[in-house]
Amino acid sequence: MRDPDAALDELFETAAAARAKAYAPYSRFRVGAAARGAGGAIFRGANVENASYPVGVCAEAVALAAMALAGERRLVEIAVVGEAGTLTTPCGACRQRILEFAGDGDPVVHVMGPDGTRLAFSARALLPHAFGPAAFGR
């Protein structure tokens, strides 16, 4: 059986490595994410900004897109690492994206601050009463 602490460390390390690859020339606010699918694989993402501000992409969205591209459809947990002086939690749109891949579960959203402080949230607690696949009978 896998050590849960080592598995979480791996998730955060993957997110931090992804953050280093972020493209954030405008805000200089780099974010990395690492999503673990139900199959155990980890998918990483980094934010990618654009001069036309609204068309940038969040790190969580990139990680979830990589997960979907690999054929994984259920998210178990996701780690997010930003560069703010406080914890960086997913934006509202990414909270919705995370719940899109929740299935019947409730993915854990892990965040880590620059000082190493870690917190974990239930995805459903971060976005209660979310509109999702169940509205379409899925």
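One can find the structure itself at the top, above this paragraph.
No experiment lies behind these values; they were computed from the predicted model shown. (Residues numbered from 1 in each chain as written. Predicted model: local features only at pLDDT ≥ 70, side-chain atom pairs only at ≥ 80, totals over all residues. Heavy atoms only, no water.)

## Regarding the sheet that holds strand 2 (residues 42-46)
- Strand order in the open sheet formed by 5 strands is 2-1-3-4-5, and the pairing between neighbours is mixed. Every other strand in the sheet has two partners, leaving strand 2 and strand 5 (118-122) as the edge strands with one partner each. Pairs of neighbouring strands in the sheet enclose a mean axial angle of 20°, with direction left out of account.
- Where strand 1 (residues 32-37) and strand 2 come together, 5 bridges link them in antiparallel fashion. (Pairing = 2+ DSSP bridges. Helix = DSSP H or I, 4+ residues; strand = E, 2+ residues; numbered from the N terminus. Axes fitted to C-alpha atoms, helices over the stretch in contact; angles between N-to-C directions.)

## Section: the nonpolar core
- Counting residues in hydrophobic clusters, the biggest one holds 19 residues, and the most contacted among them are Ala35, Leu64, Met67, Leu75, Ile78, Ile98 and Val109.
- Within the residue set of this core, elements represented by two or more residues are strand 1, helix 2 (59-69), strand 3 (75-81), helix 3 (92-100), strand 4 (108-112) and helix 4 (123-126).
- Beyond its immediate sequence surroundings of up to four residues, leucine 75 is in contact with Ala35, Arg36, Gly37, Leu64, Met67, Ile98, Phe101 and Pro107.
- Counting residues in hydrophobic clusters, the runner-up holds 8 residues, among them Leu8, Leu11, Val81 and Met112. (Core = buried A, V, L, I, M, F, W, Y, C linked by side-chain atoms within 4.5 Å. Buried < 20%, exposed > 50% of the residue type's maximum accessible area, 1.4 Å probe, protein only. Contact = heavy atoms within 4.5 Å.)

## Remarks on the pattern of salt bridges
- All told, the structure shown has 3 salt bridges when counted by the stated rule.
- With a shortest N-O distance of 3.0 Å, arginine 118 and aspartate 9 are connected by a salt bridge. You can see arginine 118 sitting in strand 5 and its partner aspartate 9 sitting in helix 1 (residues 4-19), a full 109 residues away along the chain.
- The class of arginine 118 is partly exposed, set by a relative accessible area of 35%.
- Glutamate 77 is paired through a salt bridge with arginine 36; the nearest N and O atoms lie 2.8 Å apart. Here glutamate 77 is found in strand 3, whereas its partner arginine 36 is found in strand 1, with 41 residues between them in sequence. (Salt bridge = Lys/Arg side-chain N within 4 Å of Asp/Glu carboxyl O.)

## Points about unusual backbone geometry
- Residues other than glycine seldom take positive phi values, yet arginine 28 does so here, at roughly 60°.
- On the basis of relative accessible area, arginine 28 is assigned to the exposed category, the value being 62%.
- Within the chain, histidine 129 stands out as a residue other than glycine whose phi angle is a positive 60°.
- Structurally, histidine 129 is set in the segment after helix 4.
- A residue is classified by how much of its surface remains accessible, and histidine 129, at 82% relative accessible area, is exposed.

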